[in-house]
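# A closer look at the structure
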Amino acid sequence: MPTHTTEPAPAADAALVPAPRGPNVRARRTGRAKDWARRAPLLPALVFLVVVTQLPFLATVVISFTRWNALAPDNRGFAALDNYRAVFTDPAMRASVGTTVLLTVTVVLVSLLLGLGLALLLDRGFRGRGIVRTLLITPFLIVPVASALLWKHALYNASYGLLNGSLTWIWRLFGSEHPPQPDWMTDSPLAAVEMSLIWQWTPFMMLILLAGLQSRASDAVEAARMDGASAWDIFRYLTLPHLRRYLELAALLGTVYVVQNFDAVFTITSGGLGTANLPYTIYQTVYQSHDYGRASAQGVVVVLCSLLVATFALRTVSSLLREEVTS
Amino acid sequence: MTTLSTVRGRAGSPAARRRRRTGSLLGLAAWLCGIAFFLPVAWMVLTSFHSETDAATNPPSVGAGLSLHGYREFFGATGSGVSPWPPLVNSLTASVVSTLLVLLLAVPAAYALAIKPVRKWSDVLFFFLSTKMLPLVAGLLPVYLVAQNTGMLDSIWLLVILYTSMNLPIAVWMMRSFLAEVPVEMLEAASIDGAGLATTLTRIVAPVAMPGIAATALISFIFSWNELLFARVLTGVVAGTSPVFLTGLVTSQGLFLAKVCAAATVISLPVLIAGFAAQDKLVQGLSLGAVK
């Protein structure tokens, strides 16, 4: 547990209070100076983040209350809540909320489970373990646009993609000239996007969980095995509780990145056929409808929702931010 | 910590033998999974070495003769395309400079959060993380408008600033956890022995933090190199990065599968090399650091 200093006084009253005298005040003054010395290293990062991320967001809030379409520059003005009304009554917007939730939950859950399975497999000694790990992390290291293009054109393509090509090949082995040739991206567009994202994010989950497994003290497992605990018991009562924080971290980081996914949706389906998620919808409102007011209102709604969910998840469910951590 | 229980079950008892047999079956399963996950990448690389006609066949032409046609097309040697060098240089500049900036800002901040924790450090950390949860698009429009009015549109330095802010929160989070690994007793001992700040930092903190710094830098580099949305919206002819170039390859000229696969391979290569070379650091950095 880190030792905390005394309550820091606001900087402002240093200027208001006349020059202090006496040892007591002097002690408090050096304490205050120390506080600032402690905080100083934080300031550049904080200031930078506030300027680059919070100020634009404030501007977004302001724009969200204006009537502003780039195609009609003369018709600008205060719109009150019109943009928000439009956002909440827009069926496309509501659909994209659903799509975002579905896409994120599916991708994070499936890749978390697959990643857990793979991490458990890799947490054992076997020949070529290093090579297998290298093979497994490759999808995470491919540039996302490249991997989206790869899935769209080289794998899913109905006439020459690898998936249908393999079906043709297998069917021919059995002497059939009529293999099924599904059009993956039209028949199940959301699943097609999810599949590529799961492929891309499973290695990330695996990396986190693998390191979690490797930081586990092996003597407890050894002792449990001596006592005749089954593999399942060891997993359930020793491994899983130990992994909890790693699972939370993987889910948190995965969610942060998958919610904001733009590359896969943009590349594979261009948001068509019910795959438009929130980032894509906002992108479209800005760059196709040029409705800056409405796009900003969408952005504000999205941010409020994410913060609500994030605060809830981090503060109540997760153990990641508990202060005992540093003990 | 990294040693595995490989010696487990060397004894000759039937139970141990059974365990060894399931062990090798599980090893085989791991190999199959590894190959399955690698297969699309292998296919991408193989296709990139095929001629355009061999690349687009059904069933796939695995054994077709190899050709450098796709790569020659990509690098513009045949005179048909646009040179990929400016986008590659842009990507490299944006990623490397923003990664350096991230480290410059994140390391002191993490020091304040971990080694000499300020009050309510978890609130500060939460603030850092929450900026990461703002969907990037929500701030994109004002950034775009400001850039438009200040003539920063299509400038790589705008991307450098944005990528720094994009990776800074995760970097602070990772670095804080790494620095929290520095044993408090060692810091106290150092201060009792009269070590100054510089000595403490170089002799005690740095050795523990180095792997963390490496991992943080790698993650920051990867995410910057990969970014598409900002680059697409805020850059154009001059400052376009590799991912933007890659999307342009398909939309503007129709589809040349071998060429696209060659491009995808080349553009992924820097991250692949860095990631493979530092995979141990990556494993540690992503997790050990982030959780402890």
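Cut-offs and rules
- Residues numbered from 1 in each chain as written.
- Chains lettered and ligands numbered in written order.
- Predicted model: local features only at pLDDT ≥ 70, side-chain atom pairs only at ≥ 80, totals over all residues.
- Heavy atoms only, no water.
- UniProt positions renumbered as here; feature names shortened; annotations may be inferred.
- Helix = DSSP H or I, 4+ residues; strand = E, 2+ residues; numbered from the N terminus.
- Salt bridge = Lys/Arg side-chain N within 4 Å of Asp/Glu carboxyl O.
- Buried < 20%, exposed > 50% of the residue type's maximum accessible area, 1.4 Å probe, protein only.
- Phe/Tyr/Trp six-rings, centres within 6.5 Å; stacked < 30°, edge-to-face > 60°.
- Contact = heavy atoms within 4.5 Å.
- Polar contact = N/O pair within 3.5 Å; in protein donor to acceptor, adjacent residues only side chain to side chain.
- Nonpolar A, V, L, I, M, F, W, Y, C, P; charged D, E, K, R; others polar.
- pLDDT = per-residue confidence, 0-100.
- Lys, Arg positive; Asp, Glu negative; His and termini not counted.
- Core = buried A, V, L, I, M, F, W, Y, C linked by side-chain atoms within 4.5 Å.
- Domains from an automatic or database assignment.
- Patch = residues over 30% accessible without salt bridge, like charges linked within 9 Å, V, L, I, M, F, W, Y side chains within 5 Å.
- Areas by Shrake-Rupley, 256 points an atom, 1.4 Å probe, with all protein chains shown as cover.
- Axes fitted to C-alpha atoms, helices over the stretch in contact; angles between N-to-C directions.
- Parallel < 35°, antiparallel > 145°, perpendicular 65-115°, else oblique.

### Observations concerning the UniProt feature "domain: ABC transmembrane type-1" (unreviewed entry) in chain A
- Sequence positions flagged by UniProt for "domain: ABC transmembrane type-1" (unreviewed entry) are, in local numbering, residues 97-313 of chain A.
- Here residues 97-313 of chain A is 79% helix and 0% strand, with 19 Å between the C-alpha atoms at its ends.

### Focus: the pattern of salt bridges
All names here are of chain A.
- Taken as a whole and judged by the stated rule, the model has four salt bridges over all chains.
- Put simply, Arg 294 and Asp 90 hold a salt bridge, and the shortest N to O gap is 3.4 Å. Separated by 204 residues along the polypeptide, Arg 294 in helix α15 (residues 292-317) and Asp 90 in the loop between α4 (82-89) and α5 (91-122) bring together distant segments of the chain.
- A relative accessible area of 16% means that Asp 90 is categorised as buried.
- The salt bridge partner of Glu 248 is Arg 244, with a shortest N-O separation of 2.8 Å. Taken as a pair, Glu 248 and Arg 244 lie in helix α12 (residues 231-259) at a separation of four residues, close to a single helical turn.
- By relative accessible area, Glu 248 is classed as buried at 16%.
- Each of the salt bridges in this network shares a partner with another, and the network as a whole consists of Asp 90, Asp 291 and Arg 294.

### Some details on the packing of aromatic side chains
- Evaluated as defined, the whole model comprises 22 aromatic pairs over all chains.
- Ring centres of A:Trp201 and A:Tyr257 lie 5.7 Å apart, and the angle between their planes is 20 degrees; on these two criteria the pair is classed as stacked. Residue A:Trp201 is found in helix α10 (residues 189-214), and its partner A:Tyr257 is found in helix α12; the two are separated by 56 residues along the sequence.
- Relative to B:Tyr144, the ring of A:Tyr287 lies with its centre 5.7 Å away and its plane at 90 degrees, an arrangement referred to as edge-to-face.

### Side note on the UniProt feature "transmembrane region" (unreviewed entry) in chain A
Residues and elements named next belong to chain A.
- Within the UniProt annotation, "transmembrane region" (unreviewed entry) is assigned to residues 42-65, 101-122, 134-151, 190-213, 246-268 and 295-314.
- A distance of 33 Å separates the end C-alpha atoms of residues 190-213, which is 100% helix and 0% strand.
- Counted over residues 295-314, helix gives 100% and strand 0%. Its end C-alpha atoms are 28 Å apart.

### Thoughts on the interface of chain B and chain A
- Of the residues lining the interface, 103 residues belong to chain B; the matching set on chain A comes to 113 residues.
- If you look at where chain B meets chain A, you find zero salt bridges.
- Here chain B is connected to chain A by eight residue pairs in polar contact (both at pLDDT 80 or more).
- Residues that form the side of chain B that touches chain A fall into these classes: 73 nonpolar, 19 polar and 11 charged.

### Here we look at the confidence of the model for chain B
All names here are of chain B.
- For chain B, per-residue confidence averages 81 on the pLDDT scale, and residues scoring 70 or more make up 89% of the total.
- Here helix α13 (residues 279-291) stands out as the element of chain B with the lowest mean pLDDT, 65, in contrast to helix α4 (residues 85-114), whose mean of 91 is the highest.
- Overall, residues 1-9 carries pLDDT values under 50, and its contacts beyond four positions in sequence, including any with other chains, amount to 16 contacts.
- Per the prediction output, this complex has pTM 0.83; the corresponding ipTM is 0.83.

### With respect to the side chain of A:Glu194
Residues and elements named next belong to chain A.
- Relative to the elements of secondary structure, Glu 194 occurs in helix α10.
- Buried charged residue Glu 194 carries no salt bridge. Nearest counter-charge: Lys 152, at 18 Å.
- Beyond its immediate sequence surroundings of up to four residues, Glu 194 is in contact with Leu 102, Leu 103, Thr 106 and Val 107.

### Considerations on the nonpolar core
- Counting residues in hydrophobic clusters, the biggest one holds 164 residues, and the most contacted among them are B:Leu113, B:Leu168 and B:Leu234.
- Ranked by the residues each element gives to this core, the list is headed by α10(A), at 16 residues.
- Mapping this core onto the domain boundaries places at least three of its residues in each of domain 1 (19-75) and domain 2 (84-249) of chain B.
- If sequence neighbours within four positions are ignored, B:Leu113 has contacts with A:Leu42, B:Val118, B:Trp121, B:Val124, B:Leu125, B:Phe128, B:Val172 and B:Arg176.
- By size, the runner-up hydrophobic cluster in this structure holds 12 residues, among which are B:Ala110, B:Ile204, B:Val205 and B:Ala209.

### Re a nonpolar patch on the surface
Residue and element names in this part refer to chain A.
- Side chains of Trp 36, Leu 43, Val 47, Val 51, Leu 55 and Leu 58 sit close together on the surface and give an oily, nonpolar patch of about 520 Å² of accessible area.
- With five residues, helix α3 (residues 43-64) is the single largest residue contributor to the nonpolar patch.
- Relative to the helices and strands, Val 51 resides in helix α3.

### As for the packing of helix α6 (residues 129-141) of chain A against α10(A)
All names here are of chain A.
- Contact geometry of α6 with α10 gives a least axis separation of 6 Å together with a crossing angle of 135 degrees. One finds that α6 runs oblique with respect to α10. The segment α6 lies against α10, with Arg 129, Arg 133, Leu 136, Ile 137, Pro 139 and Phe 140 engaging Trp 199, Gln 200, Trp 201, Pro 203, Phe 204, Met 206, Leu 207, Leu 210 and Gln 214.
- Its residues placed into classes, the contact of α6 with α10 shows 11 nonpolar, two polar and two charged.

### Structural notes on the domain arrangement of chain B
- Examined at the domain level, chain B breaks down into domain 1 (19-75) and domain 2 (84-249).
- Taking only C-alpha atoms, the centre of domain 1 of chain B and the centre of domain 2 of chain B are 34 Å apart.

### Notes on unusual backbone geometry
- Even without being a glycine, A:His290 presents a positive backbone phi close to 55 degrees.
- The residue A:His290 is located in the loop between α14 (278-287) and α15 in this model.
- A positive phi is found at B:Asp154, a non-glycine position, where the angle reads about 65 degrees.
- With respect to the element layout, B:Asp154 can be found in the loop between α6 (137-150) and α7 (156-179).

### Observations regarding the environment of A:Ala191
Residues and elements named next belong to chain A.
- For Ala 191, the location among the structural elements is in helix α10.
- Since its relative accessible area comes to 38%, Ala 191 is described here as partly exposed.
- For the pair Ala 191 and Gln 298, spaced 107 residues apart in sequence, the C-alpha separation works out to 25 Å.

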